Amino acid sequence: MDALLGFLLFFAVALVGWAIAELKAKADSYVSTECEDKAMQTYLDNQKKGGYEEMGIREVIKNISTKGFSAI
């Protein structure tokens with residue numbers, strides 16, 4: 001009986017914690033400023049100048065070994 005009560009108490013505390021986390025995330029809204037947007041655009045432009053291109057999942061699979069290494 002004590003184990004069941006402990007489990008129910010744990011479950012209730014978990015639900016309350018989850019609800020607080022959800023409400024906190026909804027209450028806090030972040031809006032980036034012009035300065036941050038400009039800095040991000042500069043960063044992305046510098047990456048493209050250096051030859052960086054984001055790979056798709058097919059390119060990642062082709063370029064990265066997913067079979068592991070030979071033990072020999």
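Residues numbered from 1 in each chain as written. Predicted model: local features only at pLDDT ≥ 70, side-chain atom pairs only at ≥ 80, totals over all residues. Heavy atoms only, no water.

Undergrad: For this particular structure, what's the right way to read the overall build of the protein chain?
TA: Within the protein chain, the secondary structure is distributed over three helices and zero strands. Mapped in sequence order, the helices and strands of the protein chain form the string α-α-α. Expressed as a percentage of the 72 residues in the protein chain, the buried residues total 0%. Carbon and sulfur atoms make up 65% of the accessible area of the protein chain, which totals about 7500 Å². (Helix = DSSP H or I, 4+ residues; strand = E, 2+ residues; numbered from the N terminus. Buried < 20%, exposed > 50% of the residue type's maximum accessible area, 1.4 Å probe, protein only. Areas by Shrake-Rupley, 256 points an atom, 1.4 Å probe, with all protein chains shown as cover.)

Undergrad: Would you mind going over helix α2 (residues 34-49) with me for this structure?
TA: When the terminal C-alpha atoms of α2 are compared, their 22 Å separation across 16 residues agrees well with the 22 Å that a helix rising 1.5 Å per residue should span. In the segment just after α2, Gly51 is the residue with positive phi, at about 95 degrees. (Expected span 1.5 Å × (residues − 1).)

Undergrad: Help me out: how do you make sense of the confidence of the model for the protein chain in this one?
TA: In low-pLDDT regions, the fine details of the predicted coordinates are not to be read closely. Taken residue by residue, the protein chain gives an average pLDDT of 86. The fraction at 70 or more is 89%. Of all secondary-structure elements in the protein chain, the lowest mean pLDDT belongs to helix α3 (residues 57-63), at 81, while helix α1 (residues 2-27) reaches the highest, 93. (pLDDT = per-residue confidence, 0-100.)

Undergrad: Where do I start with α1 in this structure?
TA: For an α-helix, the turn length of 3.6 residues means that residues three or four places apart are oriented alike. Counted at 1.5 Å a residue, the expected span for α1 with its 26 residues is 38 Å, and the 37 Å between its end C-alpha atoms agrees. Counting buried positions along α1 gives zero out of 26 residues, so the element sits mostly on the surface.

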